[in-house]
Amino acid sequence: MKTRRNNIFGDPEEAIDFRKQRSLQLAINHYVKENRIRKEIRFDIIAVTGTPETSHDIRHIQDVALL
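A brief structural summary. (Residues numbered from 1 in each chain as written. Predicted model: local features only at pLDDT ≥ 70, side-chain atom pairs only at ≥ 80, totals over all residues. Heavy atoms only, no water.)

For an α-helix, the turn length of 3.6 residues means that residues three or four places apart are oriented alike. Along its 17 residues, helix α1 (residues 18-34) runs 24 Å from first to last C-alpha, staying within 8% of the 24 Å computed at 1.5 Å per residue. Of the residues making up α1, those classed as buried are Gln-21, Gln-25, Ile-28 and Val-32. Axial view of α1: buried residues confined to an arc of 75°, hence all on one face. Summarising the geometry of α1, the exposed residues directed more than 90 degrees from the buried face are Arg-19, His-30, Tyr-31, Lys-33 and Glu-34. (Helix = DSSP H or I, 4+ residues; strand = E, 2+ residues; numbered from the N terminus. Expected span 1.5 Å × (residues − 1). Buried < 20%, exposed > 50% of the residue type's maximum accessible area, 1.4 Å probe, protein only. Arc of directions from axis to C-beta.)

Turning next to unusual backbone geometry. Of note in this structure, Arg-36 is not a glycine but carries a positive phi near 50°. Along the chain, the position of Arg-36 falls in the loop between α1 and β2 (45-50). Phi at Asp-63 takes a positive value of approximately 50°, unusual for a residue other than glycine. With respect to the helices, strands and loops of the structure, Asp-63 is situated in the segment after β3 (56-61). Take Asp-63: its relative accessible area is 56%, and that puts it in the exposed class.

A sheet is described by the order of its strands in space; here three strands give the open sequence β1-β2-β3, paired in mixed fashion. Edge positions in the sheet fall to β1 (2-4) and β3, since each has one partner strand and no second. The mean angle between the axes of side-by-side strands here comes to 10°, regardless of whether they run parallel or antiparallel. (Pairing = 2+ DSSP bridges. Axes fitted to C-alpha atoms, helices over the stretch in contact; angles between N-to-C directions.)

So, to be careful, I would describe these as geometric facts and stop short of saying anything about function.
Have a look at this one:
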């Protein structure tokens, strides 16, 4: 999940750069190995723009290919 108050600096999903993706991959690989998970894994992004006090936009981007 990635959240932004507005999209002045781009959409929330655009802030998931290579470094963040790599960090996520390492954490997930560790979790999968530790818990002996043998199923396929899919990466989704939930992008939220707005705040609880204002209107907001929620987008579910399914099956994102990590770098």
